[in-house]
Amino acid sequence: WDDPERGILSPAIFIPTLEDAHLIHKLDACMVDEVCHYLSECQQQGEEVVPASINLSRLDFQLCDALEMVISSCKRWNIPYYILAIEVTESALNDRSELHAEMDRFRAAGFEVWMDLFGCGYSSLNLLKDYEFDVLKVDMEFLRDLEVNERSKTIVASVISMAKRLGMRTLVEGVETTGQHEFLRSLGCDMMQGYLFAK
């Protein structure tokens, strides 16, 4: 958030406040609309459109009809559902069984559902047993010492292999070195993001 008086504000500063005030769904609705608007402009200019993923807060599912909110923006800007992916974090899904039906609604409508920050909590494997995801986003913490820690390599290799066997694609966050990139490619990691590619 580029505030005219305070300058650039990290999401870590304002998102918890909006969640506490039960206003986060308004920001998320605005961001979904901005993403759809941007994709629409790219299409109109004849540019290649790369699918975008959008994070939804766990509160979005309590404070509004999250699916209807996303569909509304897609229709407004004439965006096909398959170029938007819905990201939910592991923490949003913990102990929230009603979200299972919401995730199913998104997938039934034609959206992909991605699990964000896999591995940063305590019940990741249970969630993979109970929910269906299209993409597993592996938390960047696994890469911190990947090139010098054999245990990290084993864990990352196991996660990617497991995801494939469960029919999910993988995206690893925090790729910053060519060594990490080459290792992940050798494992068949589907997608990567990080400073190695762009800041």
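Criteria and cut-off values
- Residues numbered from 1 in each chain as written.
- Predicted model: local features only at pLDDT ≥ 70, side-chain atom pairs only at ≥ 80, totals over all residues.
- Heavy atoms only, no water.
- Helix = DSSP H or I, 4+ residues; strand = E, 2+ residues; numbered from the N terminus.
- Buried < 20%, exposed > 50% of the residue type's maximum accessible area, 1.4 Å probe, protein only.
- Contact = heavy atoms within 4.5 Å.
- Core = buried A, V, L, I, M, F, W, Y, C linked by side-chain atoms within 4.5 Å.
- Pairing = 2+ DSSP bridges.
- Salt bridge = Lys/Arg side-chain N within 4 Å of Asp/Glu carboxyl O.
- Polar contact = N/O pair within 3.5 Å; in protein donor to acceptor, adjacent residues only side chain to side chain.

Asks: Teacher, can you tell me more about unusual backbone geometry here?
Replies: As a rule of thumb, non-glycine residues mostly have phi less than zero, and peptide bonds are mostly trans rather than cis. We note that H22 has phi near 55°; this positive angle belongs to a residue other than glycine. By the secondary structure assignment, H22 is in the loop between helix 1 (11-20) and helix 2 (24-44). Backbone geometry places N78, a non-glycine residue, at a positive phi of 55°. Relative to the elements of secondary structure, N78 occurs in the loop between helix 4 (66-76) and strand 4 (84-89). N78 gets classed as exposed once you look at its relative accessible area, which sits at 64%.

Asks: Explain the side chain of H25 here, please?
Replies: By the element assignment, H25 lies in helix 2. Those residues in contact with H25 that lie beyond four places of it in its chain are D60, L63 and C64.

Asks: Would you mind showing me how to read the nonpolar core here?
Replies: Ranked by internal contacts, the top residues of the largest apolar core, which has 46 residues, are V70, L84, F106, F111, F133 and L184. With residues up to four places along the chain from it excluded, the contact list for V70 reads V32, I54, L84, I86, F106 and F111.

Asks: Is there a simple way to think about the sheet that holds strand 4 in this case?
Replies: Neighbouring strands of a sheet are bound in pairs by backbone hydrogen bonds; such pairs are parallel or else antiparallel. Taken in spatial order, the 6 strands of this open sheet run 3-4-5-6-7-8, and their pairing is parallel. Each edge of the sheet is formed by a strand with only one pairing partner; in this case those strands are strand 3 (52-55) and strand 8 (191-192). Pairing between strand 7 (residues 169-172) and strand 8: 2 bridges, direction parallel. When the bridges of strand 8 are listed, V172 appears paired with M192.

Asks: What is the right way to read the pattern of salt bridges from this model?
Replies: Note that side chains of opposite charge can pair when their charged atoms are close. The full count for this structure, using the stated rule, is 12 salt bridges. Note that K137 and D116 form a salt bridge whose closest N and O atoms lie 3.8 Å from each other. A residue pair is termed long-range when its members are at least 10 positions apart, and K137 in strand 6 (residues 135-138) and D116 in strand 5 (residues 112-118) qualify at 21 residues. The burial state of K137 is the same as that of D116; both residues are buried. When salt bridges with common partners are traced through the structure, they connect E87, D116, K137 and E173 into a single cluster.

Asks: For this particular structure, what's the right way to read the environment of D130?
Replies: Inspection of the secondary structure puts D130 in helix 7 (residues 124-130). A polar side-chain atom of D130 sits 2.8 Å from a polar atom in the side chain of K129.

Asks: Would you mind going over the pairing of strand 5 with me for this structure?
Replies: Remark: a regular strand shows side chains that alternate across the two faces of the sheet. Summarising burial for strand 5: 5 of the 7 residues are buried, a large majority. As paired strands, strand 4 and strand 5 are joined by 5 bridges and run parallel to one another. When the bridges of strand 5 are listed, E87 appears paired with W114. As judged from the 3 bridges shared by strand 5 and strand 6, these two strands associate in the parallel manner. Across the sheet, the residue bridging to W114 is V135, located in strand 6.

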